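Given next are the chains, with one letter for each unit.
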Amino acid sequence: MDLRKALLAIRLVGLRTAFRAVRAAWERDRWERREKRPALAAWQSVEPLRTMIPLPDGARFTGPGAELEIRFLAPDVVRLTWTPGVLPLPYAIARERLEEVRVAHREQADGWTLESEALGLEVRADGGIRFRDGAGRIWRAEDPPERRGEAWRHRVRLRPEERLYGLGERAAPLNRRGRVYRMWNRDPGGSYGPGADPLYLGIPLWLSLHAEGAYLVFYENPFEAVFDLGASEPEAAWVTFTGGALREYVFYGPPPRLLERYTALTGRPPLPPRWALGFHQSRWSYESAEEVRAVAQGFRDYDLPLHAIHLDIDYMDGYRVFTVDRRRFPDLAGLIRELEGQGVQTVVIVDPGVKTDPGYAVYREGVARGMFCRLPDGRLYRGLVWPGWCVFPDFTDPEVRAWWGEHYRAFLEAGVAGFWHDMNEPTAFVAWGEPTFPDCVRHAMEGRERDHREAHNLYGLLMNRAAWEALRRLQPDHRPFLLTRSGWAGIQRYAWTWTGDVESSWAALRQTLATVLGLGLSGIPYSGPDIGGFSGAPSAELFIRWFQAAAFMPFFRNHAAKGTPRREPWVFGEPILSIARAFLRLRVRLLPYLYTLAWEAAQTGAPLVRPLFWLNEQDPALWEIEDAFLLGSALLVAPVLEAGARAREVLLPTGEWYDFWSDAQRAGPARVLAEAPLDRLPLFVRAGSLLPLAELEGVTLHLYVSSEGGGEGVFYEDAGDGFGPYRVDRFEWWWEGESLRIHRIREGELSEPEGGFRLEFHGFAPARAWADGRPVPVEGSTLVTPPFTELILEGRPVRSPA
Ligand code: GLC
């Protein structure tokens with residue numbers, strides 16, 4: 001830590017905590033020394049496998065030193081487990097079996113083959129494994145794994161053109177190849193910039209694209225690991241775990257299918273309450289009810305849409321979790337009601353550390369009931385966080401999860417709409433070394449009694465599970481909203497995430513795109529940055545460019561660190577204020593589209609923010625685009641990422657594109673120079689798609705007509721919260737000679753929209769229309785039609801080339 005960082009840290013945590021951090025580091029070192037494990041021998045290859053025992057869905061292979069089990073979960077999903085080693089508790093897994101599979105077994109000269117309908121595995125006696133498709137092409141090749149004590153590692157061959165994505169939250173290029181990554185959830189401290197590793201939320205998975213296809217591998221092993229993706233050997237990835245069985249799930253198919261399968265296994269992201277897709281305003285901290293009121297008032301005075309306000313740690317009484325400072329928030333429930341009356345929801349921060357204070361009920365009760373993590377000698381482990389010395393709930397114990405979950409009750413009764421889980425890597429301040437628990441801290445692990453090495457990466461996941469289960473129990477008619485800083489595979493079942501304490505710089509804004517894209521490809525569809533960066537003071541220009549980009553990300557929140565200049569949109573004056581207002585309004589217009597994408601994510605695991613190669617993974621030109629992204633499959637967003645830029649180059653993939661602002665048409669593939677004055681962000685709509693937007697007249701379905709082919713799109717609607725009826729309208733259209741034929745399939749019990757559907761056409765001028773045979777009046781490029789199954793339109797295509 002350099003001096004500047006150290007001083008900043010002291011300012012944020014206070015001098016007393018800073019001194020204690022020295023003691024905390026010293027205590028941790030003492031424990032690490034006491035519990036030191038013996039030095040490790042050299043890595044050794046497993047001895048050859050000798051026998052294969054066929055199973056209906058796989059096989060078991062045994063050798064003198066190791067066993068390999070292969071099970072197909074579906075024809076295109078296979079699980080491989082090398083033991084000896086601790087098997088993972090199935091915390092990440094939502095469903096054990098996806099489809100029935102029958103596997104064909106064959107013995108060969110130097111090994112065996114297993115085949116499903118979709119893929120084949122060649123298992124060599126020495127432990128090397130090749131994955132083939134139906135045509136025999138190899139798309140993944142593993143060398144025999146090696147062991148050292150309880151650790152496993154293996155080497156995976158990489159093809160020269162192969163790109164790798166994922167690994168959870170990373171401040172790395174979208175294509176992760178060529179670097180080394182650590183799997184160990186960690187607060188980078190202070191604020192981080194591009195290149196920092198690890199961050200708060202790692203996921204041991206990657207998605208690979210190469211000339212022979214695409215696959216995804218998920219290593220179900222929570223121990224600390226190193227993923228060397230072609231850094232030390234350009235054509236190989238080395239994956240090294242420090243403990244646990246070597247278990248991987250391998251999925252084969254195009255990227256949308258991979259995410260669909262991966263989230264079938266680890267769980268789909270549930271539909272959030274609709275307000276969560278709106279705009280969130282936050283700051284560390286709004287310190288009193290008056291301040292919160294004033295902020296909300298500011299949004300009204302300046303006519304800025306606002307959906308949620310976040311209360312950071314200072315609402316608590318001395319940072320004691322689950323308390324409220326009654327001097328500064330004398331009537332929290334009243335304040336929340338007031339805000340709700342203005343359409344603003346309240347989200348409160350909840351940290352896992354519980355202040356060691358005998359006068360504080362959560363501490364007292366937790367100690368009495370044995371809820372906190374212990375050291376090997378049976379004493380409570382204490383670590384430092386905002387309140388000073390804290391103890392930490394052991395979320396790997398189901399009783400602790402239930403106990404912790406009960407504490408959300410009072411907040412729910414007060415009207416709190418969502419919870420923001422922070423510091424759950426878990427983080428404990430130290431003057432040097434790892435900012436977390438010592439390795440030897442004990443965890444129940446569902447009765448298995450293990451230590452922090454195995455529990456560390458699961459801590460955030462399980463804190464969110466505790467809260468999720470409680471919220472579902474306590475408020476069965478509401479959809480939970482949880483935001484978390486840390487997590488692991490499966491976290492998408494419970495929570496959204498944000499990209500943490502990112503620095504305020506243009507480089508960090510650029511990095512945010514790759515980070516959010518990478519999270520989406522790791523199964524986490526809801527994320528976004530602190531607009532303007534957490535620390536520092538963004539210039540007005542950086543702030544508004546960041547704001548514009550974030551307006552197209554699933555989690556849209558303005559947040560900043562203590563001690564930074566204020567960041568509410570009006571503090572920058574004009575023209576920033578008006579530009580922010582325009583993008584807030586655009587966000588509101590986009591809500592029906594975002595909500596439809598959220599529904600789609602809940603059905604298929606598809607992230608809302610997608611890399612350009614989502615459209616066509618076979619086009620290598622799209623493999624490394626990280627300065628633009630897709631929002632759903634209709635919008636291509638190209639944020640401005642450079643100071644002073646008033647235009648930027650955009651790569652439009654194959655197909656026809658509309659400029660969102662002007663409706664000008666462009667043909668891809670093409671590199672175009674897009675205008676980007678300060679109040680614009682280059683934005684394109686893919687021809688052949690449908691964009692449901694909230695207009696003054698209600699939802700309007702914008703059809704972007706393609707001159708060549710048809711198009712399709714979905715519109716999802718429900719009450720915005722709860723689990724009541726919904727309606728899905730699937731539209732498909734195509735040309736029939738000169739007329740356009742639109743077909744609608746309706747699903748769900750929600751009634752048809754009152755007043756029918758409002759359609760607006762782009763690239764097509766309707767002249768006459770018939771809904772299920774009855775004429776419908778046309779007005780310019782729009783029409784309002786009663787609910788229909790088939791809409792036939794006569795008119796003419798409109799060409800407006802850029
Ligand atoms: C952590 C969080 C940040 C929050 C702060 C105080 O640094 O990442 O968002 O404002 O703690 O709670």
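All values derive from a computational prediction rather than experimental measurement. (Residues numbered from 1 in each chain as written. Predicted model: local features only at pLDDT ≥ 70, side-chain atom pairs only at ≥ 80, totals over all residues. Heavy atoms only, no water.)

J.: Looking at this structure, I do not really get the domain arrangement of the protein chain. What am I missing?
T.: One widely used convention gives an interface's size as the accessible area the parts lose upon coming together. Split by domain assignment, the protein chain resolves into domain 1 (3–34), domain 2 (44–266), domain 3 (273–480) and domain 4 (689–797). The straight-line distance from the C-alpha centre of domain 1 to that of domain 4 is 61 Å. (Domains from an automatic or database assignment.)

J.: Would you mind showing me how to read the site of the ligand here?
T.: Close contacts around the ligand come from W284, D312, I313, I349, W386, W420, D422, R485, W498, D501, F534 and H559, and that covers them all. D422 places a polar side-chain atom, nitrogen or oxygen, 2.9 Å from an oxygen atom of the ligand. Protein contacts shield 98% of the accessible area of the ligand, which totals 310 Å² for the unbound molecule. For the shell around the ligand, the class distribution of residues is seven nonpolar, one polar and four charged. (Near = heavy atom within 4 Å. Polar contact = N/O pair within 3.5 Å; in protein donor to acceptor, adjacent residues only side chain to side chain. Areas by Shrake-Rupley, 256 points an atom, 1.4 Å probe, with all protein chains shown as cover. Nonpolar A, V, L, I, M, F, W, Y, C, P; charged D, E, K, R; others polar.)

J.: What exactly am I supposed to notice about the nonpolar core here?
T.: Soluble globular proteins tend to bury their nonpolar side chains together. Counting 226 residues, the largest nonpolar core has F218, W404 and F552 as the members making the most contacts within it. With 16 residues, the single largest contributor to this core is helix α13 (residues 576–604). Not counting residues up to four positions away in its chain, the partners in contact with F552 are F583, L586, R587, L590, V609, F629, L631, V637, L681 and L683. (Core = buried A, V, L, I, M, F, W, Y, C linked by side-chain atoms within 4.5 Å. Buried < 20%, exposed > 50% of the residue type's maximum accessible area, 1.4 Å probe, protein only. Helix = DSSP H or I, 4+ residues; strand = E, 2+ residues; numbered from the N terminus. Contact = heavy atoms within 4.5 Å.)

J.: So what exactly am I meant to see when it comes to the packing of helix α11 (residues 506–521) against helix α12 (residues 540–550) here?
T.: Interhelical geometry of α11 versus α12 gives an angle of 5° and a closest axis separation of 10 Å. Classified by the angle their axes make, α11 and α12 are roughly parallel. Mapping the contact onto sequence places W506, A508, L509 and T512 in α11 and E541, L542, R545, W546 and A549 in α12. Classifying every residue of the contact of α11 with α12 by side-chain character gives six nonpolar, one polar and two charged. (Axes fitted to C-alpha atoms, helices over the stretch in contact; angles between N-to-C directions. Parallel < 35°, antiparallel > 145°, perpendicular 65-115°, else oblique.)

J.: Please clarify how the pairing of strand β25 (residues 388–391) should be interpreted in this entry.
T.: In summary, the side chains of a regular strand alternate between the two faces of the sheet. With two bridges joining them, strand β23 (residues 354–355) and β25 adopt antiparallel strand pairing. Residue V354 lies in a different strand from β25, and its bridge partner there is V391. Pairing of strand β24 (residues 383–385) with β25 involves three bridges; the strand directions are antiparallel. Counterpart to V385 in the pairing with β25 is G388. Where β24 hands over to β25, the hairpin turn is made up of two residues, counted between the paired strands. (Pairing = 2+ DSSP bridges.)

J.: How should I be thinking about the pattern of salt bridges in this particular structure?
T.: Side-chain pairs of opposite charge can arise whenever the charged atoms involved come near each other. Taken as a whole and assessed by the stated rule, the structure comprises 78 salt bridges. Two residues, E142 and R140, come together in a salt bridge whose shortest N-O distance is 2.9 Å. One salt bridge in this structure joins E624 and R163, with 2.5 Å as the shortest N-O distance. Here E624, found in the loop between β33 (609–610) and β34 (629–631), pairs with R163, found in strand β13 (residues 163–168); they are 461 residues apart in sequence, far enough to count as distant. Via salt bridges that share partners, D57, R60, E67, E69, R71, R79 and R97 belong to a single interconnected network. (Salt bridge = Lys/Arg side-chain N within 4 Å of Asp/Glu carboxyl O.)

J.: Even after reading the chapter, I still don't get the UniProt feature "domain: Glycoside hydrolase family 31 TIM barrel" (unreviewed entry) in the protein chain, so can you show me in this structure?
T.: Taking the UniProt record as the reference, the feature "domain: Glycoside hydrolase family 31 TIM barrel" (unreviewed entry) is found at residues 269–597. Secondary structure content for residues 269–597 is 35% helix and 12% strand, while the C-alpha to C-alpha distance between its ends is 11 Å. (UniProt positions renumbered as here; feature names shortened; annotations may be inferred.)

J.: How should the UniProt feature "domain: Glycosyl hydrolase family 31 C-terminal" (unreviewed entry) in the protein chain be read in this particular structure?
T.: Look at the UniProt record and you will see "domain: Glycosyl hydrolase family 31 C-terminal" (unreviewed entry) annotated at residues 605–690. Structurally, residues 605–690 comprises 0% helix and 44% strand, and the distance from its first C-alpha atom to its last is 20 Å.

J.: Explain empty space enclosed by the protein here, please?
T.: To find leftover empty space, one rolls a probe the size of a water molecule over the atoms. One pass over the structure, following the stated rule, counts two cavities of 30 Å³ or more. Its volume calculated, the largest cavity comes out at about 90 Å³. Along the walls of the largest cavity sit 13 residues, with P270, P480, Y494, A495 and W496 positioned nearest its centre. Grouping the constituent residues of the lining of the largest cavity by class yields 12 nonpolar, one polar and no charged. Space inside the second largest cavity adds up to approximately 60 Å³. Lining the second largest cavity, in full, are I313, M316, Y319, V321, D351, G353, V385, W386 and P387. (1 Å grid on protein atoms, 1.4 Å probe; cavity = no way out; pocket = protein on both sides within 12 Å on 5 of 7 lines; lining within 4 Å. Points joined across faces, edges and corners; volume = space filled by probe spheres on them.)

J.: Explain unusual backbone geometry here, please?
T.: Here the residue pair E574 and P575 is connected by a cis peptide bond, since its omega of 5° sits within 30 degrees of zero. Among the structural elements, P575 can be located in the loop between β32 (556–558) and α13. Between G668 and P669 the backbone carries a cis peptide bond, its omega angle lying at 5°. At Y319, a residue that is not glycine, the phi angle is positive and equals roughly 65°. By the element assignment, Y319 lies in the loop between β21 (308–311) and α5 (332–341). A positive phi angle, close to 60°, is found at M423, a residue other than glycine. Following the sequence through the fold, M423 ends up in the loop between β26 (418–421) and β27 (442–443).

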